[in-house]
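Spelled out from the first residue to the last, the chains are:
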Amino acid sequence: MAKYKKILVYVIILLVFFDNLWIDFLKLPTAIRYLNDVLIFISLIACRKQIRQLVNMNVAKAILFFSVMLLPGLVIHGGAFLLILWAFRNIYRFFAFYFICVFLLDKADVIRIFDIFCMIYYLNLVFCLIEYFILGKTRDYLGGIFGISKGCNSYLNIYLCIVLLYVIYKYLKEKVSVGYMIFILCSAMLIAGLAELKIAFIEIILIIGCIWVMNRNSKSMRTIAVTGVAVIAIGLLVLMMIAPRHFRVMINPMNLLEYANTEDGGYSLSRLHAFSSINDLIFHDNLLMNLFGLGFGNCEYAAVSFLQSPFYHEYGQYHYRWFMHQTLFLETGYAGLFSYIGILATVLNDAWKCRKQQKDEWIHEIVLIMCLLAVMNIWYDASLRSENAYIIWFVLAASAIVSDRRKDDDKCRNL
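Residues numbered from 1 in each chain as written. Predicted model: local features only at pLDDT ≥ 70, side-chain atom pairs only at ≥ 80, totals over all residues. Heavy atoms only, no water.

Section: the overall build of the protein
Alright, step 1. Within the protein, the secondary structure is distributed over 17 helices and 0 strands.
Alright, step 2. In terms of overall size, the protein behaves like a compact globule, its C-alpha atoms giving a radius of gyration of 21 Å where 415 residues would be expected to give roughly 22 Å.
Alright, step 3. Principal-axis analysis of the C-alpha atoms gives the protein an extent of 60 × 55 × 40 Å.
Alright, step 4. Partitioning the intrachain contacts of the protein with sequence separation of at least 6 by distance along the chain shows that 74% fall at a separation of at least 24.
Alright, step 5. Here the protein displays about 17,900 Å² of accessible surface, and carbon together with sulfur accounts for 65% of that area.
Alright, step 6. Each charge class in the protein can be summarised by its mean position, and for the 37 positive and 29 negative side chains these summaries are 7 Å apart. (Helix = DSSP H or I, 4+ residues; strand = E, 2+ residues; numbered from the N terminus. Rg over C-alpha atoms; globule rule 2.2 N^0.38 Å. Contact = heavy atoms within 4.5 Å. Areas by Shrake-Rupley, 256 points an atom, 1.4 Å probe, with all protein chains shown as cover. Lys, Arg positive; Asp, Glu negative; His and termini not counted. Charge placed at Lys NZ, Arg CZ, Asp CG, Glu CD.)

Okay, here's the thing in structure tokens:
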């Protein structure tokens, strides 16, 4: 029976990989994305006996604290029940998936799913090349297996980070050849260049830098560092050829900072100055609004009109829903935003503790780096509110899974 319960997790992840492809190329209805909502509900029923373990889990406590931080905004501003329910669905389904992964999967499943990521990578590379050279797609419309709709490259970005992390660590532990690692790194940077994923160049530096810090005594680190520099150069070369303006942004720190502050090209609220802009435009120095926002659910949007908030109809042109930090700040203020980051910090802290106890367990290090990437992406886009977040939270759950909470390991059992 346990084996069949695990299949639910595999199906959820595979749907994340392919539902956009089916929608964009096979013209299936967008409603298929809601299949995962049904599967999450079924999965929660399947692991209902383990739910009592939540009282001992640090991540569950952090989520509870986040939930408490939502209440003041709702008490002050109120909210429509349907909008609150929709906001709850948009955020909490991924928390549920985290616990489902922890309860249903084991270390063999984690490795198997990571290997599936790598097997699909070849298909993704083919689709990226077809979409760029034949269909003429680029930037926000080049997503590989994640389709060709606007914003699909945010899925692609997270996927590339996960594959790069896993492959580099497999090479570090002598489980794959240097040639395979170089192929994955080079092709990933090629894809990043074609899709003009500027954030990917920063992410690969972060990934290799963190791996260096945690494994600086490894003989393989020099090869990884040299390869990393080379593939970043390849990616920048591709970017220079297809998007010279973005290349100039990437090689000049001042230009990069200016880009992060831009309010052009649809970015009505800049990534870095969003809080001050929202305060000037909407909060008007109101302390309670800055602390607790306008109320959980009061800035929500959906394709159907009855799930579109009045706030969205008035301020939707500012495209705040393109960014996780802007939506969280508007609805929940600084209290909600930083308590959400606190959940990721808790995952990181627990993974760090278990890494110290299981020094040969490299999956803990993948989770540590993924936590940092997740925080970065709160400011970069809205990945943690989209279907993309399922694969993020799967990776974040990996440390708790491989530490095997079901065994009597006092130093890791509270994950």
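Anyway, onward from the coordinates.
Structural notes on a nonpolar patch on the surface
Alright, step 1. Taken together, the side chains of Trp 22, Phe 25, Leu 26, Leu 28, Val 126, Ile 130, Phe 133, Ile 134 and Leu 135 present a nonpolar region at the surface, about 850 Å² in accessible area.
Alright, step 2. Elements represented by at least two residues in the nonpolar patch include exactly α1 (2–25) and α5 (107–133).
Alright, step 3. For the nonpolar patch, the leading source of residues is α5, giving 3 residues.
Alright, step 4. Mapping Ile 130 onto the fold places it in helix α5. (Patch = residues over 30% accessible without salt bridge, like charges linked within 9 Å, V, L, I, M, F, W, Y side chains within 5 Å. Salt bridge = Lys/Arg side-chain N within 4 Å of Asp/Glu carboxyl O.)

Considerations on the nonpolar core
Alright, step 1. Counting 146 residues, the largest nonpolar core has Tyr 98, Phe 117, Tyr 340, Trp 393 and Phe 394 as its most contacted members.
Alright, step 2. In terms of residue count, the dominant contributor to this core is helix α6 (residues 152–172) (16 residues).
Alright, step 3. Excluding its chain neighbours within four sequence positions, the residues that come into contact with Tyr 340 are Phe 66, Ile 91, Phe 95, Met 324, Leu 328, Ile 378, Leu 384 and Trp 393. (Core = buried A, V, L, I, M, F, W, Y, C linked by side-chain atoms within 4.5 Å. Buried < 20%, exposed > 50% of the residue type's maximum accessible area, 1.4 Å probe, protein only.)

Some details on the confidence of the model for the protein
Alright, step 1. A residue-level look at the protein finds 93% of positions with pLDDT of 70 or above and a mean pLDDT of 89.
Alright, step 2. Low confidence marks residues 406–415, where pLDDT is under 50. Its contacts with residues over four positions away, or in another chain, come to 23 contacts. (pLDDT = per-residue confidence, 0-100.)

Concerning the pattern of salt bridges
Alright, step 1. Applying the stated criterion to the full structure yields 11 salt bridges.
Alright, step 2. The salt bridge involving Asp 106 is made with Lys 6; its shortest N-O contact spans 2.9 Å. Taken together, the positions of Asp 106 in the loop between α4 (81–104) and α5 and Lys 6 in helix α1 put the pair 100 residues apart, joining distant regions of the chain.
Alright, step 3. Judged by its relative accessible area of 27%, Asp 106 falls in the partly exposed class.
Alright, step 4. The class of Lys 6 is buried, set by a relative accessible area of 17%.
Alright, step 5. Between Glu 365 and Arg 355 there is a salt bridge whose closest N-O contact spans 3.0 Å. You can see Glu 365 sitting in helix α16 (residues 363–380) and its partner Arg 355 sitting in helix α15 (residues 324–357), a full 10 residues away along the chain.
Alright, step 6. Take Glu 365: its relative accessible area is 3%, and that puts it in the buried class.
Alright, step 7. Several salt bridges converge on common partners, so that one network encompasses Lys 6, Asp 106, Asp 109 and Arg 112.

A short note on the packing of α15 against α16
Alright, step 1. Contact pair α15 / α16: the axes reach a minimum separation of 9 Å and the direction vectors enclose 170°. It follows that α15 is roughly antiparallel to α16 by the angle criterion. Within the contact between the two elements, α15 uses Met 324, His 325, Leu 337, Tyr 340, Ile 341, Leu 344, Val 347, Leu 348, Ala 351, Trp 352, Cys 354 and Arg 355 and α16 uses His 364, Glu 365, Val 367, Leu 368, Cys 371, Leu 372, Ala 374, Val 375, Ile 378 and Trp 379.
Alright, step 2. Among the residues forming the contact of α15 with α16, the class breakdown is 18 nonpolar, 2 polar and 2 charged. (Axes fitted to C-alpha atoms, helices over the stretch in contact; angles between N-to-C directions. Parallel < 35°, antiparallel > 145°, perpendicular 65-115°, else oblique. Nonpolar A, V, L, I, M, F, W, Y, C, P; charged D, E, K, R; others polar.)

A closer look at the packing of aromatic side chains
Alright, step 1. Overall, the coordinates contain 41 aromatic pairs when judged by the stated rule.
Alright, step 2. Ring plane angle 85° and centroid distance 5.8 Å describe the contact between Tyr 98 and Trp 393, whose orientation is recorded as edge-to-face. Taken together, the residues span a long stretch of sequence, with Tyr 98 in helix α4 and Trp 393 in helix α17 (residues 389–402) at a distance of 295 residues. Neither residue differs from the other here; Tyr 98 and Trp 393 are each classed as buried.
Alright, step 3. Consider the rings of Phe 311 and Tyr 320, whose centres lie 5.4 Å apart with planes at 65°: the pair is edge-to-face. This pair shows no difference in class: Phe 311 is buried, exactly as Tyr 320 is.
Alright, step 4. When the ring centre of Tyr 301 is taken as reference, the NZ or CZ atom of Arg 321 above it lies at 4.1 Å. (Phe/Tyr/Trp six-rings, centres within 6.5 Å; stacked < 30°, edge-to-face > 60°. Lys NZ or Arg CZ within 6 Å of the ring centre and 35° of its normal.)

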